[in-house]
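# Fold and contact review
These are the residues of each chain, in order.
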Amino acid sequence: MRNIHIFILLSILMFSFSIIGCGGTKQAIAVSEEEKMAFAKTEGDTISIVNEEVEYGIIIIEPGFDFWLQSVAKPEGYHSQSYLENRNQIYVSEWNMRVSQPLRYNPNLYEMHIDYSPHIDYGYEVNYKLYYYFIYFQRKYNQRLGPFVPRI
């Protein structure tokens, strides 16, 4: 009888360890030489994204982002506006959550709240540049703002 209990206990332990061992691994992001050059820039790029129809605009001051956007990012038109909007909603939500928790997340990375409403049509250009800023940010600072690997 004791042998049966030991066998059952060992079986449960082995099963538990096999499940724990099957945990997902974080996928490494391959960074190209062009991206490394963009990430190494120290001079501030200023990107202004404005849609005058909805009187909305954002300014991104990030060294290397403009170079990266022009040389690495997919061209405008590659993704549909609805794709960009859906991803931006996820990224903005996570971003804003991190801004509100400066003791948990680096306040030097997450400085300002982003006001982005799914009920406003910001236009293609705003969504395109905001989306690719999030991709740039995640790749440069090794962050994950959603369930997706930040691919180009």
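A short tour of the structure in this document, coming up.

This brings us to the pattern of salt bridges. In a structure, side chains of opposite charge can pair up when their charged atoms sit close to one another. In total, this model carries three salt bridges according to the counting rule given. Residue Glu-62 is joined to Lys-140 by a salt bridge in which the shortest nitrogen-to-oxygen separation is 3.3 Å. Taken together, the residues Glu-62 in the loop between strand S2 (56-61) and helix H3 (65-71) and Lys-140 in helix H5 (residues 124-141) connect sequence positions 78 residues apart. With a shortest N-O distance of 2.8 Å, Glu-94 and Arg-98 are connected by a salt bridge. In this pair, Glu-94 and Arg-98 both sit in helix H4 (residues 81-99), four residues apart, roughly one turn of the helix. Accessibility expressed as a relative area gives 21% for Glu-94, which makes it partly exposed.

Put simply, H4 and H5 touch, their axes get as near as 9 Å, and they point 50 degrees apart. One way to sum up the angle between H4 and H5 is to call them oblique. Crossing handedness for the pair H4 and H5: left-handed. Judged by residue contacts, Gln-81, Tyr-83, Leu-84, Glu-85, Arg-87, Asn-88, Tyr-91, Val-92 and Trp-95 of H4 engage Tyr-124, Asn-127, Tyr-128, Leu-130, Tyr-131, Tyr-133, Phe-134, Ile-135, Phe-137 and Gln-138 from H5. Here the residues of the contact of H4 with H5 sort into 13 nonpolar, four polar and two charged.

For the rest of this paragraph, the subject is the packing of aromatic side chains. Under the counting rule described, the total for this entry stands at 22 aromatic pairs. Between Trp-95 and Phe-137 the ring centres are 4.9 Å apart and the planes differ by 65 degrees, which places this aromatic pair in the edge-to-face class. With a gap of 42 residues between them, Trp-95 in helix H4 and Phe-137 in helix H5 connect regions that are remote in the sequence. With a relative accessible area of 1%, Phe-137 lands in the buried category. Where Tyr-133 meets Phe-134, the ring centres are 6.4 Å apart and the plane angle is 50 degrees; that geometry is what we call tilted. Residue classification places Tyr-133 among the buried residues on the basis of a relative accessible area of 11%. Positioned above the aromatic ring of Tyr-78, the side-chain terminus of Lys-74 is 5.0 Å from the ring centre.

The subject of this paragraph is unusual backbone geometry. When glycine is set aside, most residues are seen to have a negative phi, and most peptide bonds are trans. For Asn-142, which is not glycine, the phi dihedral falls at a positive 55 degrees. Position of Asn-142 among the secondary structure elements: in the segment after H5.

This part covers H5. Between its terminal C-alpha atoms H5 stretches 26 Å, which fits the 26 Å expected from 18 residues at 1.5 Å a residue. For H5, the tally of buried residues reaches 14 of 18 residues, placing the bulk of the element in the interior. The first or second residue beyond H5 is Asn-142, which carries a positive phi of 55 degrees.

Parameters and conventions
- Chains are numbered independently. Their residues run from 1 in the order of the written sequence.
- Restriction of local features to residues with pLDDT of at least 70 applies here, the model being predicted, together with a cutoff of 80 or more for giving and counting side-chain atom pairs; totals for whole chains, interfaces and linings are based on all residues.
- Heavy atoms from the whole structure form the basis of all side-chain values; hydrogens and water molecules are not counted.
- Here, a salt bridge means any Lys or Arg side-chain nitrogen found within 4 Å of an Asp or Glu carboxyl oxygen.
- Strands here are runs of E lasting at least two residues and helices are runs of H or I lasting at least four, both read from the DSSP assignment and numbered beginning at the N terminus.
- Classification of residues uses two cut-offs on accessible area relative to the type maximum, computed with a 1.4 Å probe and protein chains only: under 20% is buried, over 50% is exposed, and between them is partly exposed.
- Axes, fitted as lines to C-alpha atoms, cover a helix only where it is in contact. Angles between the N-to-C directions of the axes lie from 0 to 180 degrees.
- The cut-offs work like this: below 35 degrees is roughly parallel, past 145 is roughly antiparallel, 65 to 115 is roughly perpendicular, and the gaps in between are oblique.
- Two helices crossing with the near one rotated counterclockwise from the far one by less than a right angle form a left-handed crossing, whereas a clockwise rotation gives a right-handed crossing.
- Working rule for contacts: check all heavy atoms of both residues, and any pair within 4.5 Å makes them a contact.
- Residues are grouped as follows: nonpolar covers Ala, Val, Leu, Ile, Met, Phe, Trp, Tyr, Cys and Pro; charged covers Asp, Glu, Lys and Arg; every other residue, Gly included, is treated as polar.
- When the centres of two rings from Phe, Tyr and Trp lie within 6.5 Å, Trp using its six-membered ring, the rings pair. Their planes under 30 degrees apart give stacked, over 60 give edge-to-face, and anything left gives tilted.
- Placement of a charge over a ring requires the Lys NZ or Arg CZ to be within 6 Å of the ring centre, with the centre-to-atom vector within 35 degrees of the ring normal.
- A helix is expected to span 1.5 Å multiplied by its residue count minus one.

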